[in-house]
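Notes for the structure review
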Amino acid sequence: MELRPRPLPAPLAERYPAIARVIAGVERVRATASLVDRGARIEAELGARSAEDAQRAQRFLMALRDNVQAPRSVELMRSAQLEQLGKAVRLRWDVPASAILTWLGDDTAPPPAAPGPPPAAPAPPPPDAPSRRFE
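Attention here is on the structure that accompanies the text. (Residues numbered from 1 in each chain as written. Predicted model: local features only at pLDDT ≥ 70, side-chain atom pairs only at ≥ 80, totals over all residues. Heavy atoms only, no water.)

A separate point is the pairing of strand 2 (residues 26-36). In this sheet, strand 2 lies alongside strand 1 (residues 2-3) in antiparallel orientation, the contact comprising two bridges. Looking at the pairing, Leu3 lines up with Val29 of strand 2. Alignment of strand 2 against strand 3 (residues 39-48), held across ten bridges, turns out to be antiparallel. Its bridge partner lying in strand 3, Ala33 is registered against Ile42. (Pairing = 2+ DSSP bridges. Helix = DSSP H or I, 4+ residues; strand = E, 2+ residues; numbered from the N terminus.)

Our focus in this paragraph is the sheet that holds strand 4 (residues 81-85). Strand order in the open sheet formed by five strands is 1-2-3-5-4, and the pairing between neighbours is antiparallel. The open sheet terminates on both sides in strands that have one partner only, identified here as strand 1 and strand 4. On top of the sheet, helix 3 (residues 51-66) reaches strand 3, strand 4 and strand 5 (88-96); it is set at about 170° to strand 4, its chief contact. Its contacts with the sheet place helix 5 (residues 97-104) against strand 3 and strand 5, and it is angled at close to 85° to strand 5. (Contact = heavy atoms within 4.5 Å. Axes fitted to C-alpha atoms, helices over the stretch in contact; angles between N-to-C directions.)

In this section: the side chain of Asp53. As for its placement among the helices and strands, Asp53 is situated in helix 3. On the basis of relative accessible area, Asp53 is assigned to the buried category, the value being 13%. There is a polar contact of 2.9 Å between the side chain of Asp53 and the side chain of Arg56. What Asp53 contacts, discounting residues up to four positions off in sequence, is Gly25 and Ala48. (Buried < 20%, exposed > 50% of the residue type's maximum accessible area, 1.4 Å probe, protein only. Polar contact = N/O pair within 3.5 Å; in protein donor to acceptor, adjacent residues only side chain to side chain.)

Moving on, we come to the nonpolar core. Membership of the largest hydrophobic core is limited to nine residues, which are Val22, Val26, Val29, Leu46, Ala48, Ala54, Ala57, Leu82 and Val89. Secondary-structure elements contributing two or more residues to this core are strand 2, strand 3 and helix 3. Residues within four places of Ala57 in sequence aside, it is in contact with Val22 and Leu46. Listed in part, the five residues of the second largest apolar core include Leu76, Ala80, Val95 and Ala99. (Core = buried A, V, L, I, M, F, W, Y, C linked by side-chain atoms within 4.5 Å.)

Turning next to the environment of Val29. Along the chain, Val29 turns up in strand 2. Note on Val29: relative accessible area 18%, which makes it buried. Expressed as a C-alpha distance, the spacing of Val29 and Arg4, which sit 25 residues apart in the sequence, is 6.4 Å. Setting aside chain neighbours within four positions, we find Val29 in contact with Met1, Glu2, Leu3, Glu45 and Leu46.

To continue, consider the side chain of Arg65. Take Arg65: it is sitting in helix 3. Its relative accessible area of 14% is what places Arg65 among the buried residues. Once residues lying within four places of it in the same chain are set aside, the contact partners of Arg65 are Met77, Arg78, Ala80, Gln81 and Leu82.

Okay, here's the thing in structure tokens:
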């Protein structure tokens, strides 16, 4: 996938100027995801307008990665590797299959009950209908 980010809308940029600067410094993002033996490998390259913008974006991504609070996600997020190369930031992340299945949901769990009243019981057969008992 390739993405060219747009600036934040003015109200958001005024409220979050640091994030607006990070986004404004990014020219493009290229990313791929591929299946590997134990899950998926995500590789991305963020192209910045300058080395300073790349450094700012790397610090932002590191803050996102390092400040995850959910216990199951801490180790997973810390496995993401970030590296600055001049005006680019590279992300390499091997995501285990178990994490992908958790994100997608557990297919073995029964579906949730539909809201509303329970379905009506089937109507009894008419009195002149033949019996379906086997003797």
